[in-house]
Structure formats: C-alpha cells, structure tokens
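# Residue-level structure breakdown
Given next are the chains, with one letter for each unit.
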Amino acid sequence: MPTDVFGVLANPVRRRLLESLREGPRSTGELAGMFELGRPAVSEHLAVLRTAGLVREEPRGRHRYYHLQAARLAEVSEWLHPFEHYWKQRLDALSDLLDEEADT
C-alpha cells in the first residue's frame, strides 16, 4: 500500500527538508544542521520521505546523500489544480477592488 503523500507533507519538518532538496542533493549531516532536532530525528523524517517515494538515498562512502524525487508531488498538484481557478478568481476580485479604491 503506497504511503499517503498528503500525510507525509503535513509535517513541517518534512516540507522543509523537501524545500532544501530543491537546490540539489544534500548529505544527512547538512540536512540535520538545518534543524534544532537531533540527527536521529531528522533521519526518521528522511526515512518517511524515502518510503513515500519523495526522496531517494545515495550512499557515498560513509555518507548518505538525499535527492528530491518530485514525481509523487504530481498527486498533490493534481489535487490542488481545481483550487487554482478559485483562488485566481478571488485574487482578481481583490485586485479590482483595490484598483477601484485607488481611483477614488
């Protein structure tokens, strides 16, 4: 049974780990240094991300590097897509209102 990507992304530490991996692969130590958590706690979060298919692990000697695997994020994008239209309409209405206020 695949891991629920939404449940995985609900955790702010995991979201921050993914955000940092957008810039490229990072070692476990580098990633752990971004948090006030202990390295074992960060490793647990990375294991959850790996199980969910959101990151892959690459051993390099004694170190492990993590890479973003963005394909699973398509599921999130597909779910959010219908809401983009809603927010675009809301932001357009706000823009119109602000333009009217500026004209008065």
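Residues numbered from 1 in each chain as written. Predicted model: local features only at pLDDT ≥ 70, side-chain atom pairs only at ≥ 80, totals over all residues. Heavy atoms only, no water.

Looking up the protein in an unreviewed UniProt entry gives the name Transcriptional regulator, with the organism given as Streptomyces hydrogenans.

## Regarding the sheet that holds strand S1 (residues 26-27)
Adjacent strands of a sheet form backbone hydrogen bonds with each other and so pair up, either parallel or antiparallel. Judged by pairing direction, the sheet is antiparallel, and its 3 strands sit side by side in the order S1-S3-S2 without closing on themselves. Two strands in the sheet have a free side with no partner beyond their single neighbour: S1 and strand S2 (55-60). Here S2 runs beside strand S3 (residues 63-68); their pairing, made up of 6 bridges, is antiparallel. Looking at S3, one finds that Val55 is bridged to Leu68. Strands in contact with helix H4 (residues 39-51) are S2 and S3; relative to S2, the strand with the most contacts, it is inclined by about 120°. (Pairing = 2+ DSSP bridges. Helix = DSSP H or I, 4+ residues; strand = E, 2+ residues; numbered from the N terminus. Contact = heavy atoms within 4.5 Å. Axes fitted to C-alpha atoms, helices over the stretch in contact; angles between N-to-C directions.)

## Notes on the packing of helix H2 (residues 12-21) against H4
With their axes 10 Å apart at the nearest point, H2 and H4 run at an angle of 75° to one another. It follows that H2 is roughly perpendicular to H4 by the angle criterion. Of the residues in H4, those in contact with Val13, Arg14, Leu17 and Leu18 of H2 are Val42, His45, Leu46, Val48 and Leu49. Here the contact of H2 with H4 is composed, by residue class, of 7 nonpolar, 1 polar and 1 charged. (Parallel < 35°, antiparallel > 145°, perpendicular 65-115°, else oblique. Nonpolar A, V, L, I, M, F, W, Y, C, P; charged D, E, K, R; others polar.)

## Describing the side chain of Arg26
Along the polypeptide, Arg26 turns up in strand S1. You can call Arg26 buried: its relative accessible area is 19%. Within polar-contact distance, the side chain of Arg26 engages the backbone oxygen of Ser20 at 3.1 Å. Separated by 2.5 Å, the side chains of Arg26 and Glu23 make a polar contact. Residues in contact with Arg26, not counting those within four places in the same chain, are Ser20, Leu21, Leu31, Arg64, Tyr65 and Tyr66. (Buried < 20%, exposed > 50% of the residue type's maximum accessible area, 1.4 Å probe, protein only. Polar contact = N/O pair within 3.5 Å; in protein donor to acceptor, adjacent residues only side chain to side chain.)

## Details of the pattern of salt bridges
Using the criterion set out here, one finds 7 salt bridges in the structure. Lys88 serves as the salt-bridge partner of Asp92, at 3.0 Å between the closest nitrogen and oxygen. With Asp92 and Lys88 both in helix H5 (residues 73-103), this residue pair falls 4 residues apart, about one helical turn. You can call Asp92 partly exposed: its relative accessible area is 37%. Here the salt bridges do not stand alone but share partners, grouping Glu23, Arg26 and Glu30 into one network. (Salt bridge = Lys/Arg side-chain N within 4 Å of Asp/Glu carboxyl O.)

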